[in-house]
Structures are given as structure tokens and as C-alpha cells.
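Results of the structural survey
Next come the chains, spelled out residue by residue.
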Amino acid sequence: MNAADAMSPGLGSALAGMIKRDLLLAWKRPGDILNPLFFFAMVCTLFPLAVGPSVEQLEFAGPGVLWVAALLSMLLSLNSLFLSDFEDGSLEQLLVSPQPLVVLALGKTVAYWLTSGLPLVLLSPALAITFRMPADTIGVLMTTLALGTISLSLLGSIGAALTVGLHRGTALLSLLILPLAMPVLIFGARTVSLAAAGDVFSTGIYALAAYAVGALTLAPYATAAALRISNE
Amino acid sequence: MWTWFHKLASPPHFYALADKLIPWLSVPGYLLIAYGVYAGLFIAPEDYQQGDAFRIIYVHVPSAYLSMLAYMIMAIAGGIGLIWRMKLAHAVAASCAPLGASFTFLALATGSIWGRPMWGTWWEWGDPRLTSELILLFLYFGYMALRGAIDDTAKADKASAVLALVGAVNVPIIHFSVEWWSSLHQGPTLIKEGGPAIDPGMLYPLLAMIFGFSLVFGGMLLRRVRTEVLRRESRTRWVKDMMLQSQEG
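A few points on the structure. This one's a predicted model, so the numbers in the text were calculated from it and none came from an experiment.

Rules used in this analysis
Residues numbered from 1 in each chain as written. Chains lettered and ligands numbered in written order. Predicted model: local features only at pLDDT ≥ 70, side-chain atom pairs only at ≥ 80, totals over all residues. Heavy atoms only, no water. Helix = DSSP H or I, 4+ residues; strand = E, 2+ residues; numbered from the N terminus. Rg over C-alpha atoms; globule rule 2.2 N^0.38 Å. Buried < 20%, exposed > 50% of the residue type's maximum accessible area, 1.4 Å probe, protein only. Contact = heavy atoms within 4.5 Å. Areas by Shrake-Rupley, 256 points an atom, 1.4 Å probe, with all protein chains shown as cover. Lys, Arg positive; Asp, Glu negative; His and termini not counted. Charge placed at Lys NZ, Arg CZ, Asp CG, Glu CD. Phe/Tyr/Trp six-rings, centres within 6.5 Å; stacked < 30°, edge-to-face > 60°. 1 Å grid on protein atoms, 1.4 Å probe; cavity = no way out; pocket = protein on both sides within 12 Å on 5 of 7 lines; lining within 4 Å. Points joined across faces, edges and corners; volume = space filled by probe spheres on them. Buried area = accessible area lost by both parts, 1.4 Å probe. Salt bridge = Lys/Arg side-chain N within 4 Å of Asp/Glu carboxyl O. Polar contact = N/O pair within 3.5 Å; in protein donor to acceptor, adjacent residues only side chain to side chain. Nonpolar A, V, L, I, M, F, W, Y, C, P; charged D, E, K, R; others polar. Expected span 1.5 Å × (residues − 1). Arc of directions from axis to C-beta. Axes fitted to C-alpha atoms, helices over the stretch in contact; angles between N-to-C directions. Parallel < 35°, antiparallel > 145°, perpendicular 65-115°, else oblique. Left-handed = near helix turned anticlockwise from the far one by under 90°.

Looking only at helices and strands, one finds 10 helices and zero strands in chain A. Helices and strands appear in chain A in the N-to-C order α-α-α-α-α-α-α-α-α-α. Taken over C-alpha atoms, the radius of gyration comes to 19 Å for chain A, in line with the 17 Å a tight globule of 232 residues would show. Once the C-alpha set of chain A is aligned to its principal axes, its extents read approximately 70 × 35 × 30 Å. Per-residue burial over chain A gives 49% buried out of 232 residues. Of the contacts formed within chain A by residues at least 6 apart in sequence, a portion of 82% connects residues at least 24 apart. Accessible surface, chain A as shown: approximately 10,700 Å² in total, 70% of it carbon and sulfur. Here chain A contributes 9 positive and 12 negative side-chain charges, whose respective centroids are spaced 4 Å apart.

Right, here's the structure in full:
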């Protein structure tokens, strides 16, 4: 064991340190957290304005609208996941750090979910009520959004790592991530619709949970590989 | 044992090999397609339900099959390029994407044309295969957009390989989710227990078309890879020598 190994912290504290650093950064720039939330609320407002205030239509469209709005709002904040680190050079420090890049990428993604996915989940009931969603369906909505935003954060971190430092990154990022995100959208929105109609909806929850676990296992490796490629 | 692998990876060797292989793929491919088109349009009996409209499967099924095969080849070639740092594999992946996207588009277009008399609509969201095929087209677009956005070829190769691999893991999930989302399509008739449930007069032209399309696809792919290799190696010695030779000859 050499001196560098003895001095460097373990995997757990590296992960915790990464999360803590990104949360602190997010805390200092609250606009980055709030703007996607406002966007989420506004997209949800656009639909009733465009479609009309009829209660049946809103009840019917509610799950889909909330889910599409959540997906778009995640995409909006995704571009900044590695951008500031890339610009000020701290991303290169992460690449040369003695800790495995996979763990650091996972840490960044966890912090990203805490600052962008979790607030969406917490805000969603307020918007769901305006779509006349019944109380027990709101629970299902929050569960699917929680599981779905975890998957989206992980998938998105791959796309963000691939496009970091490229011009026109945001449009490209959406083009890369949206087709991959479609299963999450399908399972999420459909499960809420089934629950609202009083049908069996457990399949969708299981599928979303399986997707989240699979993404949690595999995506950090792809993100780490993509970060190395982007910073060559 | 691995010498053939290393030899294949050398661009001049591959260039010469592809030159010899292309006619052996293309000529039988076009012959099979010629037979398949004639037999499919004129000899095969009418379908008792769909009448003559079913005949579009002779283009639709091979295109749909190749659209998925091309994505597999693209992802596997990308993986080989990432793992063994084989430049030729990246050239294959790069050449595969536009071909795959074209076959995906062809499958969507023929499916839509078939849907018009059969379902009474150009597009049926309730059909899971049409929807997965559309998502596949978007995956191709994303792949090509990422390639186009990165100027450095080596970097574009690796980044798009990662994307293709992530996409390849997702393709079965997309397929499953869309299937679950809705199902309103006739079941698969070609691969079924107890042999195909299709008249031999219809089946043989279809098989001929599938093999013919695959061979022609192989020929087109090799031709594209050859051009791609030339473009990438344009500053090397062997390309210069070859160009000089061809000018003299």
C-alpha cells in the first residue's frame, strides 16, 4: 500500500463527499432547482388552457400530461449536470482522482436526482389535484414519478456525459435521451391511468422498479466511460 | 488463431477483401430479389383475407428484419471498436447507421401503406410493432446526430459506440413496454411451433426476399465501409499508392 492509498478516503466517503459537494453547490444556486420546477408547473398549466376546462378530459389526460411535463422538465435541467464542472475544470480533477470514476459519477447522479427528481415528486400532488386526480391515485403517481425520475436521472447522466462540451448540447441531448426514456414514460403514465380507472396496475410499478434497479447497476459504468471519452 | 482477426482489422487488407466480396454478395442478392418480386407479385396466391394487399410483406418483412439486424451490427461493431480498439469496427458502425435508418423508414412506410386498406388508417398507435419501429428510427437519428455533432472522428466513434450499446440494452425493454402498452396486431406467422402457418407459394418468395435483402444489405454495407475506410485513411501511404496505380492502369 503506498502513501496515496493510505490517504485517500474509502468508496463510501467518496460517494458521500461527492453528493454533499453537489448538494451544497445546488443550495448556493437555488435557481437551478427552481426553474425546472416552474417549467413543470407551467407545462401542466398549458394543457388545460389548450384543451379546455372540461373535467372528463382533464381527468383522462392528467396522468399523461403530468408525466410528459415531468420528463421534459428533467431534460431541461439535465444539460447542466456536468457542464459547470466541465467549464471550471473540476471534471478533469474527478477523472484523475484515485477514486473510481463510476462511484463519483453515481454520486453526481444521486445528487442530481435529489435536486431535480425529488422536488418534482413532491410538487406533483399539487398539480395532480388541479387535474381532479383522486387521493389514492396521487400516491401511485408519486411512486411512479419517484421510480421513473431515478431511471431518467441515470439514463440522462449517460447522455449528459456524452454531450458535455459539445455545442448545441441541449437539443442533441433531448434527441439522444427521449427515445431511451420512452419505456419509462409508457410504464409511468400508463400505470397512473390504470390506477385512476381502478384496474390492476402493479405490473407497471414492478417494471419501473426493475428498470430503476437495472439502470442503477449499469448506467454509472456507461456514464463513466462517456465522461472519459468526452474529456480525451 | 487470431491472425485472421488482425488481418481483417488492417484497412488495406480489408479494402482488397471487400473488393472481391461485394459482387459475390450483390449479384446473388439482386437475383434473389428479382425472383422474389416476380414470384411474390405474380405467382403467389392471394391471401384469403387480405387479397392482394398482403403482397407488400415482400418488402415490409425484410426491411423490418434488416432494420433491427443493422442496429445489432452497429452496436456489436461499436462494442468491438471500444474493447479491442479496432478502427475498422468503428467504420462498420458508422456505415451501418444510415443504412439501418433507411430500412427502418422503409419498414415504417410499407407498414403504413399496408395499414391503409387493412386498418383503414395510415397510422395506428395501437400497433406495438409500428410504434417500436418508430422509436428505433429515433434511436438511429440520435446516433447519427451524436456522430455529426463531434468533429474529432476517434471521439465520435467511441461516444457513438457507447450510445449504440446503451440503445441495444434498451431495445428489448422498449419492445416489451410497447407490447404491454397495447397489442392489436396479427401474431407472428413465420416462426411458430409446428412449422410456418403460411402457404409455401407465399413463403418461398418471402424467404428469397429476406435472403436477397440481407445479401444486398451486406454488399451495400461493405461498399459504404470501403468508402469510409478510404476517407479515414486518405492521408496514408497505401491509399496514395493505390490511387496512383489505378490512374496508371
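Next comes the rest of the account.
The next thing to look at is the packing of aromatic side chains. All names here are of chain B. Tallied over the entire structure, the rule returns six aromatic pairs over all chains. Between Tyr38 and Phe42, the ring centres sit 5.4 Å apart and the planes meet at 40°, which makes this aromatic pair tilted. Here Phe42 and Tyr38 lie together in helix α2 (residues 11–43), a separation of four residues that amounts to about one turn. By relative accessible area, which is 61% here, Phe42 ends up exposed. Plain terms: the ring middles of Phe103 and Phe213 are 6.1 Å apart, the flat faces sit at 55° to each other, and that makes the pair tilted.

What follows is about empty space enclosed by the protein. Across all of its chains, the model carries two cavities of 30 Å³ or more by this definition. Size it by volume and the largest cavity reaches roughly 50 Å³. What lines the largest cavity is simply A:Leu175, A:Leu176, A:Pro179, A:Leu180, B:Tyr71, B:Phe138, B:Leu139, B:Gly142, B:Tyr143, B:Leu163 and B:Gly167. Among the elements of the structure, α9 (169–196) of chain A together with α5 (128–149) and α6 (153–181) of chain B are those that each provide at least two residues to the lining of the largest cavity.

Taken together, the contact pairs 25 residues of chain A with 25 residues of chain B. At the boundary of chain A with chain B, total buried surface from both sides reaches about 2,300 Å², with 82% on carbon and sulfur atoms. If you look at where chain A meets chain B, you find one salt bridge. We note a salt bridge from B:Lys158 to A:Glu232, for which the minimum N-O separation is 2.9 Å. The tally of links from chain A across to chain B stands at three residue pairs in polar contact (both at pLDDT 80 or more). Listing elements by their share of the side of chain A that touches chain B, those giving two or more residues are α8 (135–163), α9 and α10 (202–230) of chain A.

Turning next to the pattern of salt bridges. According to the stated counting rule, one finds 12 salt bridges over all chains in the structure shown. For A:Arg21, the salt bridge is made with A:Asp85, and the minimal N-O distance between the two is 3.0 Å. In this pair, A:Arg21 is assigned in helix α2 (residues 11–28) and A:Asp85 in helix α5 (residues 83–88), connecting sequence segments 64 residues apart. Among the residues examined, A:Arg21 registers a relative accessible area of 29% and is labelled partly exposed. Residue class for A:Asp85 comes out buried when judged on its relative accessible area of 2%. With a shortest N-O distance of 2.9 Å, B:Arg232 and B:Asp157 are connected by a salt bridge. Linking B:Arg232 in helix α7 (residues 200–232) with B:Asp157 in helix α6, this pair joins segments that are 75 residues apart in sequence. On the basis of relative accessible area, B:Arg232 is assigned to the partly exposed category, the value being 26%. Using a relative accessible area of 5% as the deciding quantity, one classes B:Asp157 as buried. One network of salt bridges, with partners in common, ties together B:Arg147, B:Asp157, B:Glu228, B:Arg231 and B:Arg232.

Here we take up unusual backbone geometry. Despite not being glycine, A:Arg132 has its phi angle at roughly 60°, a positive value. Counting through the fold element by element, A:Arg132 comes out in the loop between α7 (101–130) and α8. Relative accessible area serves as the criterion here: at 49%, A:Arg132 is assigned to the partly exposed category. Its identity as a non-glycine residue notwithstanding, B:Arg85 has a phi of 50°, on the positive side. Tracing the backbone through its elements, the reader meets B:Arg85 in the loop between α3 (57–84) and α4 (87–119).

Here the second largest pocket defines a volume of roughly 740 Å³. Together, 24 residues line the second largest pocket, and A:Gly64, A:Ala189, A:Arg190, A:Ser193 and B:Trp181 are the ones closest to its centre. Put simply, the parts of the chain that give the lining of the second largest pocket at least two residues each are α4 (55–78) and α9 of chain A together with α5 of chain B. The element best represented in the lining of the second largest pocket is α9(A), accounting for seven residues. Tallied by class, the residues present in the lining of the second largest pocket amount to 18 nonpolar, three polar and three charged.

Next up on the list: α2(A). Residue and element names in this part refer to chain A. An ideal rise of 1.5 Å per residue puts 26 Å on 18 residues; α2 measures up with 26 Å between its terminal C-alpha atoms. By the burial criterion, the buried members of α2 are Ala14, Met18, Ile19, Asp22 and Ala26. Across the axial projection of α2, the buried residues extend over an arc of 130°, all falling on one side. What points out from α2, more than 90 degrees from its buried face, is the exposed set Gly12, Lys20, Leu24, Trp27 and Lys28. The secondary structure elements touched by the buried residues of α2 are α3 (30–51), α6 (90–96) and α7.

All names here are of chain A. Two numbers describe how α4 lies on α8: the axes approach to 10 Å, and their chain directions differ by 30°. Considering the angle they form, α4 stands roughly parallel to α8. Seen from above, α4 lies across α8 with right-handed handedness. The segment α4 lies against α8, with Leu66, Trp67, Ala70, Leu71, Met74 and Leu78 engaging Leu141, Thr144, Leu145, Gly148, Thr149, Leu152, Ser153, Gly156, Ser157 and Ala160. Considering only residue class, the contact of α4 with α8 consists of 10 nonpolar, six polar and no charged.

These values are about where atoms sit, not about what they do.
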